[in-house]
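Okay, here's what each chain looks like letter by letter:
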Amino acid sequence: MPKRRKPKLSKYTADRNIPGAFEGETVTRRRFMVGTANGAGAVAAAAFTLPALGFALAPVFKTTQMSWQAIGPPSDFPTDNYVTKIITIAPGIGEAGTSLAYVRTRNPSLDTEPEDKYNHWIALSSRCAHLGCPVRWVAPAQRFVCPCHGGVYNLRGLVAGGPPVRPLDRFYTRLNPSTGLVEIGPRYSVNNELRRFSPRDPAEPLDGIGQYLYPARWSTPPLLK
Amino acid sequence: MPRLPAPPLPKAFRPKPKRPGQNNDQGKLTPVEGAITAADWIDERTSLSPVVRWSLFRKVPRGTNWAYTLGTATLFAFLNQAVTGVFLAMWYRPDVTGGAYESMRYINDNVFAGQLVHAMHKWGASVMIILIFLHMARVFFYGAYKYPRELTWVIGVVLLILTLVMGFTGYLLPFDQRSYWATIVGVNINGTGPLIGPFLSDFLRAGPEFGATTLSRFYALHMLLIPGAIAALIGAHLYLVAKLGTTAPPWLKPLKDDPALEPERAEV
């Protein structure tokens, strides 16, 4: 710091012989005016910036609910093979908003994860857990195969090879007693032990530290109880 | 700032003496005089001519070569993208239910020169990325990022990132299978950033899934927000280039009688 050349002035305007200064005043009128003009400018800029930002960021905070969709009677779904069902995940935009679910009936000798009211039918999402390409069920090999980067999953949707970081996502299923049809509900993600998590994007591991590095988002509903 | 010498007038602009006996058009302006008068009218009101002279008639170092044109080449690639993009926007519809694909099909099949303008925009995007990296390599290997040009380099890196974002957002717009799945993959790669990645993906998609407004969001980013930022930063980049001048190639040693050197060093 260079040495001050001028003696430090008093902070009181009255001591500095400013015309019209009054007792105890520390802010000069010029400084007050500059502050007012800058403050008014900041308020005006915030008045259009903040609503626009909120408008753009709102989808991050808005929870999108997924409705239950009927996919057929329980007799449609075998225990050892998958049936392909087209479901809507983003309504109102036609084909771009549809996705595939691979559905079969729960097989207690195979599906060791605990049974509850939402997994009498196992509904796997076709969205690859690597980077989101659509996987294909290859029945003779009993494998799901991803065309993009070679992800492979077994009959239960667990990773059998390739780059995916966790098993295929699943959808809740239930039987609608009034129609007698199986319905498919919101998506949830699972880790390699098939523990349920609220839906995560592909490529986000859910084992170990992964579940904390990739937290649940506000845009997806919490797990059903 | 020292005053720069005025550049010599091109031959056509130099005043010519009248031929003998042709002095009868007093008060009439020749076209050249008219143009000079119009330029003077603007200059008197804006004082822009020193700015033009300062930014365009600069001294360049010895050894300046074709590699120094890569930045301007990138600028022209950007201008090509801007012009073709504006005209593509006259036909394009960011309609996620099929209108986007149909409008691109219409541009390619039915609009006069539509296929050409679309291809100029598509291939020009690749050309721009290649030119940016060549320009960056020139600056790196010539050591032109060093003092006092660090800020020019930093702005250039931001411009590179914004151009890559342009490539990412533009890739979705034709809305065919390739662009849809490439965007899905790209957004998911973006989501792998720890802690904020998932929220950034939600912002890009406008929701947890690719939805009704994802395409229009990408379109708005691609044609309004990022081009504006790129244009503004190109202005800052060019201002710094004109302000600081360019560097000589690193293999050139200073001339012994270089008047720019201090006298005691020049004598060595």
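Up top is the structure these notes are about.
This write-up is about the structure you can find in this document. Owing to the predicted nature of the structure, the values given are computational and were not obtained by experimental measurement.

Here is what the cut-offs are and how they apply
- Residues numbered from 1 in each chain as written.
- Chains lettered and ligands numbered in written order.
- Predicted model: local features only at pLDDT ≥ 70, side-chain atom pairs only at ≥ 80, totals over all residues.
- Helix = DSSP H or I, 4+ residues; strand = E, 2+ residues; numbered from the N terminus.
- Rg over C-alpha atoms; globule rule 2.2 N^0.38 Å.
- Buried ≥ 20, exposed ≤ 12 C-beta atoms within 10 Å, placed from the backbone.
- Pairing = 2+ DSSP bridges.
- Contact = placed C-beta atoms within 7 Å.
- Nonpolar A, V, L, I, M, F, W, Y, C, P; charged D, E, K, R; others polar.
- Axes fitted to C-alpha atoms, helices over the stretch in contact; angles between N-to-C directions.
- Parallel < 35°, antiparallel > 145°, perpendicular 65-115°, else oblique.
- Left-handed = near helix turned anticlockwise from the far one by under 90°.

Considering the overall build of chain A
What chain A contains, in helices and strands, is two helices and 11 strands. N-terminal to C-terminal, the α/β element order of chain A is α-β-β-β-β-β-β-β-β-β-β-β-α. In terms of overall dimensions, chain A is more spread out than a globule: its C-alpha atoms have a radius of gyration of 30 Å, far above the 17 Å expected for 225 residues. Overall, the C-alpha framework of chain A stretches about 95 × 45 × 30 Å when taken along its three principal axes. In chain A, which comprises 225 residues, the share counted as buried stands at 28%.

Looking at the sheet that holds strand β8 (residues 159-161) of chain A
Residue and element names in this part refer to chain A. A sheet is described by the order of its strands in space; here four strands give the open sequence β5-β6-β7-β8, paired in antiparallel fashion. Strands with a single pairing partner mark the edges of an open sheet, and in this sheet they are β5 (136-138) and β8. Relative to β8, strand β7 (residues 152-153) runs antiparallel, the two sharing two bridges. Counterpart to V152 in the pairing with β8 is G161.

Overview of the interface of chain A and chain B
Think of interface size as the accessible area that goes away when the parts come together; that is how it is often given. Of the residues lining the interface, 26 residues belong to chain A; the matching set on chain B comes to 24 residues. Among the elements that line the side of chain A that touches chain B, the one with the most residues is helix α1 (residues 29-61) of chain A, at three residues. Grouping the amino acids of the side of chain A that touches chain B by side-chain chemistry returns 16 nonpolar, six polar and four charged.

Details of the packing of helix α6 (residues 150-172) of chain B against helix α9 (residues 214-244) of chain B
Residue and element names in this part refer to chain B. Axis separation between α6 and α9 bottoms out at 9 Å; the angle between their running directions is 160 degrees. Our classification of the angle between α6 and α9 gives roughly antiparallel. Handedness of the crossing formed by α6 with α9: left-handed. Looking at the contact of α6 with α9 residue by residue, the classes come out as 20 nonpolar, seven polar and no charged.

Quick notes on unusual backbone geometry
In this model, Y147(B) is joined to P148(B) through a cis peptide bond whose omega is 0 degrees. Here P148(B) is to be found in the loop between α5 (114-141) and α6. In this structure, Q142(A) takes a positive phi of about 55 degrees despite not being glycine. With respect to the helices and strands, Q142(A) occurs in the loop between β5 and β6 (143-145). C-beta crowding within 10 Å serves as the criterion here: with 13 such atoms nearby, Q142(A) is assigned to the partly exposed category.

Structural notes on the pairing of strand β10 (residues 181-190) of chain A
All names here are of chain A. For β10, a buried count of seven out of 10 residues is recorded, marking the element as mostly surrounded by other parts of the structure. Examined bridge by bridge, strand β1 (residues 69-72) and β10 share three bridges and lie antiparallel to one another. Its bridge partner being in β10, G72 is matched across the sheet by V182. One ladder, built from six bridges, connects strand β9 (residues 170-176) with β10; its direction is antiparallel. From the neighbouring strand, R174 faces β10, where its bridge partner is E183. Taking the residues between adjacent antiparallel strands as the criterion, β9 and β10 are bridged by four residues, where G180 takes a positive phi near 75 degrees.

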